[in-house]
Amino acid sequence: VQLQASGGGLVQAGGSLRLSCAASGSIFSIYLMGWYRQAPGKQRELVATITFGGTTNYADSVKGQFTFSRDNAKNAVYLQMNSLKPEDTAVYYCNADGRSWGGNIYWGQGTQVTVSS
């Protein structure tokens, strides 16, 4: 699986961004998809996950603020980020996790999100 993340950028606090992650190379729909982020000097942390059927799970810090969706027909996932705060500044990574059925985990290259105050 190859993952290509896009959509990051610079936005003012309170603004919105929509991240996209396009997948190719395998059967996309069977993977648990996730978004993670890593801020400078911090460990990578989970933002959200979404199952094949569309069940989502969010970190407490982004509940009600971010929305994770997937389009299995387009082999893509999306992270709608609203009401952004400076503390949301990080490099955001998408991943495809097949470990539950014996597969591998794959990571995209990351996209920078910077929220100015």
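These figures come from a predicted structure and were not determined experimentally.

The next point concerns the overall build of the protein chain. A count of helices and strands for the protein chain gives zero helices and 11 strands. Helices and strands appear in the protein chain in the N-to-C order β-β-β-β-β-β-β-β-β-β-β. Relative to the 2.2 N^0.38 estimate, which gives 13 Å for 117 residues, the radius of gyration of the protein chain is 13 Å and therefore close to what a compact globule would have. Oriented by its inertia axes, the alpha-carbon framework of the protein chain measures out at about 40 × 25 × 25 Å. Across the 117 residues of the protein chain, 44% fall into the buried class. The long-range fraction of contacts in the protein chain, counting pairs at least 24 apart against all pairs at least 6 apart in sequence, stands at 52%.

Another aspect to go through is the state of the cysteines. The final tally for this structure, using the stated rule, is one disulfide. Residue pairing for Cys21: its cysteine sulfur links by disulfide to Cys94, the two sulfurs lying 2.0 Å apart. Note on the Cys21 and Cys94 pair: the S-S dihedral is about 55°, so by sign convention the disulfide is right-handed. Placement of the pair is Cys21 in strand 3 (residues 17–24) and Cys94 in strand 9 (residues 90–97), with a sequence separation of 73 residues.

A separate point is the packing of aromatic side chains. Overall, the coordinates contain three aromatic pairs when judged by the stated rule. Here Tyr31 and Trp101 contribute two aromatic rings whose centre-to-centre distance is 5.3 Å and whose plane-to-plane angle is 70°, an arrangement assigned as edge-to-face. Residue Tyr31 is located in the loop between strand 3 and strand 4 (32–38), and its partner Trp101 is located in the loop between strand 9 and strand 10 (105–107); the two are separated by 70 residues in the primary sequence. Judged by its relative accessible area of 4%, Tyr31 is buried.

Turning our eyes to something else, we now look at the environment of Thr49. Inspection of the secondary structure puts Thr49 in strand 5 (residues 45–50). Considering only alpha carbons, one finds Thr49 and Tyr36, 13 residues apart in sequence, at a separation of 8.8 Å. Residues within four places of Thr49 in sequence aside, it is in contact with Leu32, Met33, Gly34, Thr55, Thr56, Asn57 and Phe68.

Our next topic: the pairing of strand 9. Summarising burial for strand 9: eight of the eight residues are buried, a large majority. Pairing between strand 4 and strand 9: seven bridges, direction antiparallel. Considered in strand 9, the bridge of Trp35 is made with Cys94. In this sheet, strand 11 (residues 111–116) lies alongside strand 9 in antiparallel orientation, the contact comprising three bridges. Residue pairing for strand 11: Ala90 is matched across the bridge by Val113. Bridge count between strand 9 and strand 10: three bridges; the pairing is antiparallel. Its bridge partner lying in strand 10, Asp97 is registered against Ile105.

So, how was this worked out
Residues numbered from 1 in each chain as written. Predicted model: local features only at pLDDT ≥ 70, side-chain atom pairs only at ≥ 80, totals over all residues. Heavy atoms only, no water. Helix = DSSP H or I, 4+ residues; strand = E, 2+ residues; numbered from the N terminus. Rg over C-alpha atoms; globule rule 2.2 N^0.38 Å. Buried < 20%, exposed > 50% of the residue type's maximum accessible area, 1.4 Å probe, protein only. Contact = heavy atoms within 4.5 Å. Disulfide = S-S within 2.5 Å. Phe/Tyr/Trp six-rings, centres within 6.5 Å; stacked < 30°, edge-to-face > 60°. Pairing = 2+ DSSP bridges.

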